[in-house]
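Results of the structural survey
Read off the chains here:
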Amino acid sequence: MTEKQSIISTRRSKLTLEAVMSAAFLLCGLAAVVSVLFISVYMVASGGPVIAKVGILKFLLGRVWNPGNGQFGILPMILSSIFATAGAILIALPTGVLVAVFLSKLAPGKLPGALRALIDLLAGIPSVVYGLLGAILLAPLIFKLQTWAGLPQSGSLLAAISVLSIMILPTIITVSETALRAVPKQYEDAALALGSTRLQCIFRVTIPAAKSGIAAGMALGVGRAVGEAMAVTMVAGNAAILPELLKPVRLLTTSIPLEWAYSSGLHREALYGIGLVLFVFIMIINAALSAILKKGGAHNA
Amino acid sequence: MPELSVSISSITAKKRRPQEALLYGFIYLLSGGAAALVVCLIVYVLAKGLPAVSFAFLSSAENPILETVGIFPSIVNTLYIVFFSLLVSVPLGVGGAIYLNEYAKNRRLVRLIEFAAETLSGIPSILYGVFGYVFFCVLLKLQVSLIAGVLTLAVMVLPILLRTAQEALKAVPESYREGSRGLGAAKWYLIRTILLPCALKGILTGILLSVGRMVGESAALLLVAGGSAMYMPQGSVFAQLSRSGSTLSVALYRYAASRGDNDTAFGIAAVLLLIVVLLNLLTRFFAGRLEKK
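Not measured: the values here are computed from a predicted model.

Counting its secondary structure elements, chain A contains 12 helices and 2 strands. In chain A, the succession of helices and strands from N to C terminus is α-α-β-β-α-α-α-α-α-α-α-α-α-α. Computed over its C-alpha atoms, the radius of gyration of chain A comes to 25 Å, more than 25% above the 19 Å expected for a compact globule of 301 residues. Principal-axis analysis of the C-alpha atoms gives chain A an extent of 75 × 65 × 35 Å. Taking contacts inside chain A between residues at least 6 apart in sequence as the whole, the part at least 24 apart equals 74%.

So, about the overall build of chain B. Counting its secondary structure elements, chain B contains 13 helices and 0 strands. Going residue by residue from the N terminus, the α and β elements of chain B occur as α-α-α-α-α-α-α-α-α-α-α-α-α. Computed over its C-alpha atoms, the radius of gyration of chain B comes to 26 Å, more than 25% above the 19 Å expected for a compact globule of 293 residues. Once the C-alpha set of chain B is aligned to its principal axes, its extents read approximately 95 × 65 × 35 Å. Sequence separation of at least 24 residues holds for 77% of the intrachain contacts in chain B that already meet a minimum separation of 6.

Turning to the nonpolar core, a few remarks are in order. Core analysis: the biggest nonpolar cluster contains 181 residues, and Leu132(A), Ala160(A), Leu252(B) and Ala269(B) have the highest contact counts within it. At 17 residues, helix α7 (residues 146-170) of chain B tops the list of elements feeding residues into this core. Among residues more than four places away in sequence, those in contact with Ala269(B) are Val129(A), Leu132(A), Val45(B), Gly49(B) and Leu252(B).

Between helix α1 (residues 12-54) of chain A and α7(B), the least distance of the axes is 11 Å, while the angle of their chain directions is 140°. Between α1(A) and α7(B), the angle falls in the class oblique. The crossing of α1(A) and α7(B) is left-handed. Each of Ala31(A), Ala32(A) and Ser35(A) in α1(A) lies in contact with α7(B), whose residues at this interface are Val155(B), Leu158(B), Pro159(B) and Leu162(B). Of the residues assigned to the contact of α1(A) with α7(B), the class counts are 6 nonpolar, 1 polar and no charged.

What follows is about the interface of chain A and chain B. At the interface, 65 residues of chain A touch 68 residues of chain B. For the side of chain A that touches chain B, the secondary structure elements donating two or more residues are α1, α3 (75-106), α4 (111-124), α5 (127-148), α9 (211-227), α10 (230-235), α11 (252-260) and α12 (265-300) of chain A. At 20 residues, α1(A) tops the list of elements feeding residues into the side of chain A that touches chain B. Looking at the side of chain A that touches chain B, its residues break down into 46 nonpolar, 15 polar and 4 charged.

What follows covers the packing of α5(A) against helix α6 (residues 157-181) of chain A. All names here are of chain A. Across the interface, α5 lies against α6 with an axial gap of 10 Å and an inter-helix angle of 135°. The angle between α5 and α6 places the two elements in the oblique class. The two elements α5 and α6 meet at a crossing, and its hand is right-handed. Each of Ser127, Tyr130, Gly134, Leu138, Ala139 and Ile142 in α5 lies in contact with α6, whose residues at this interface are Leu158, Ala159, Ser162, Val163, Ile166 and Met167.

A word on α6(A). Counted at 1.5 Å a residue, the expected span for α6(A) with its 25 residues is 36 Å, and the 35 Å between its end C-alpha atoms agrees. Counting buried residues along α6(A), 22 of its 25 residues qualify, which places the element largely inside the surrounding structure.

Across chain A, pLDDT averages 87, with 94% of residues at or above 70. Element-level pLDDT for chain A is lowest in α12(A), with a mean of 84, against a maximum mean of 93 in α6(A).

So, about helix α9 (residues 187-216) of chain B. Taking 1.5 Å as the rise per residue, α9(B) with 30 residues should run 44 Å; its terminal C-alpha atoms sit only 38 Å apart, a clear shortfall. Where α9(B) bends most, at Leu200(B), the angle is about 55°.

Residue and element names in this part refer to chain B. At Lys141, a residue that is not glycine, the phi angle is positive and equals roughly 60°. Position of Lys141 among the secondary structure elements: in the loop between α6 (125-139) and α7. For Gln143, which is not glycine, the phi dihedral falls at a positive 60°. Inspection of the secondary structure assignment puts Gln143 in the loop between α6 and α7.

Among the secondary structure elements, Gly70(A) is positioned in the loop between β1 (65-66) and β2 (71-72). Between the C-alpha atoms of Gly70(A) and Val54(A), which are 16 residues apart in sequence, the distance is 9.1 Å.

Residues and elements named next belong to chain A. As for its placement among the helices and strands, Ser165 is situated in helix α6. Look at Ser165 and you get buried, because 23 C-beta atoms sit within 10 Å. With residues up to four places along the chain from it excluded, the contact list for Ser165 reads Ala88, Ile91 and Ala92.

Calculation criteria
Residues numbered from 1 in each chain as written. Chains lettered and ligands numbered in written order. Predicted model: local features only at pLDDT ≥ 70, side-chain atom pairs only at ≥ 80, totals over all residues. Helix = DSSP H or I, 4+ residues; strand = E, 2+ residues; numbered from the N terminus. Rg over C-alpha atoms; globule rule 2.2 N^0.38 Å. Contact = placed C-beta atoms within 7 Å. Core = buried A, V, L, I, M, F, W, Y, C linked by C-beta atoms within 7 Å. Buried ≥ 20, exposed ≤ 12 C-beta atoms within 10 Å, placed from the backbone. Axes fitted to C-alpha atoms, helices over the stretch in contact; angles between N-to-C directions. Parallel < 35°, antiparallel > 145°, perpendicular 65-115°, else oblique. Left-handed = near helix turned anticlockwise from the far one by under 90°. Nonpolar A, V, L, I, M, F, W, Y, C, P; charged D, E, K, R; others polar. Expected span 1.5 Å × (residues − 1). pLDDT = per-residue confidence, 0-100. Bend = angle between axes of the 7 residues up to and from the residue.

Rendered as structure tokens:
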């Protein structure tokens with residue numbers, strides 16, 4: 001090939017090149033689709049057998065997880081995951097929305113930029129660092145509570161909730177802020193002209209108008225909290241019992257890294273099964289998220 | 001008419017509203033609290049971790065006989081994972097974005113690809129770990145190795161690269177394309193000489209975001225790349241990629257959770273935070289320049 005370039009592509013080799021490149025780009029685009037297909041297929045193929053062997057009801061609703069004894073009930077983990085996520089949302093959603101209100105409506109001058117930079121940083125901190133901080137800073141405080149309540153000192157649901165709520169805070173703040181900013185200015189102007197105060201306008205007009213965006217932020221936060229593994233592993237105490245606030249809990253995610261190294265045979269398959277249950281949870285959350293976004297989009301249009 | 005004068009004064013005079021003052025206070029408190037939290041966390045980690053960080057800490061491997069710790073192998077592993085994952089996923093992500101933005105005519109296919117990318121970005125990393133283990137380590141017989149980690153993380157960061165590249169391409173003015181087409185340039189020529197250079201900063205932002213995600217990643221790598229062995233890197237690149245090894249985040253988890261060595265863990269945490277802060281600043285720099293353009 002000579003490097004004599006003409007931008008007019010009439011030569012055959014160039015037409016071939018065009019065709020090759022367009023096919024190559026199509027393949028790149030399909031990579032994401034293929035990945036999702038493969039992940040779905042292999043999650044089901046690896047997690048399905050154990051659920052069939054143990055029995056779906058016994059697996060999902062069994063209260064005892066004792067792999068050495070052949071007991072694979074993951075109800076404690078499912079409930080712990082739900083409780084931890086709900087607790088984290090309960091703390092992070094109001095906090096996140098109020099911080100988003102501050103960022104989008106109240107903060108003067110360059111303050112929003114600086115605060116947003118810090119929030120971005122919070123989102124970038126690796127989950128193991130959160131876990132480490134939770135274990136060193138937060139756990140001793142909770143130990144005191146546990147001693148006061150007459151319980152042994154250990155990791156706890158409360159610690160998991162606290163760490164998770166900080167971890168999902170940036171997601172909720174960022175998405176809510178975008179949603180609050182997207183509310184048409186006329187709505188607010190009309191409310192203010194009718195004599196409402198700044199805060200009445202924000203809480204009665206802006207937030208209700210932005211509710212689908214805020215709900216999307218919540219769904220993203222739920223997804224992140226349900227899926228978080230390492231930070232929670234380091235603070236939750238990891239006993240597979242039904243969840244109580246000050247007692248150790250084990251979530252769906254944490255069982256996998258905890259028992260991975262020494263599991264084999266049916267035990268390993270049971271971990272795949274937990275993976276499949278988690279995968280189904282995440283898919284449901286994703287579906288909810290896209291339903292919210294679609295509804296929000298239709299509403300705006 | 002006394003009533004009228006009251007209503008007039010209620011419009012002009014500022015009414016005291018204790019609930020509102022309380023709410024304002026609460027909002028300011030939470031926002032200030034969030035900012036203070038970030039600053040405190042970072043300062044705490046650096047103050048506790050930086051004393052452990054020395055040249056020897058960064059440049060040697062752990063030595064159980066001398067009882068010294070070093071994280072050089074983890075640094076090398078992290079660099080390998082980041083570099084080779086990008087090598088796989090940047091062409092796929094950018095290529096996919098080019099397809100979506102420049103070639104695709106079928107709306108259904110575009111929606112399918114975008115839906116797939118959204119789904120990928122919603123899957124938590126521990127599930128990437130399970131999938132990567134079942135698919136790359138077992139089915140493709142790559143064993144628990146860095147190369148399995150590379151491929152798993154390449155899938156994980158694909159949606160980030162795809163989305164940022166797509167946004168960067170969308171930001172290139174349509175007139176550039178029209179001009180190029182008007183001069184008779186072929187599509188690939190247009191992409192290579194005009195679109196990619198124009199979208200470069202956006203693509204770089206995506207790469208930085210991906211690097212941040214990979215540096216912080218631990219759950220998936222723990223399963224697919226393992227990492228109990230902390231030897232100094234030896235042999236060819238290929239030999240190194242085919243053995244197991246821990247990245248910085250995985251090493252942090254191992255030191256903190258399985259060995260209770262919190263000093264080393266905080267040392268690694270400080271190094272990780274410095275990397276995160278640096279990546280954040282770089283992203284801001286590129287994104288800022290992009291916005292100004």
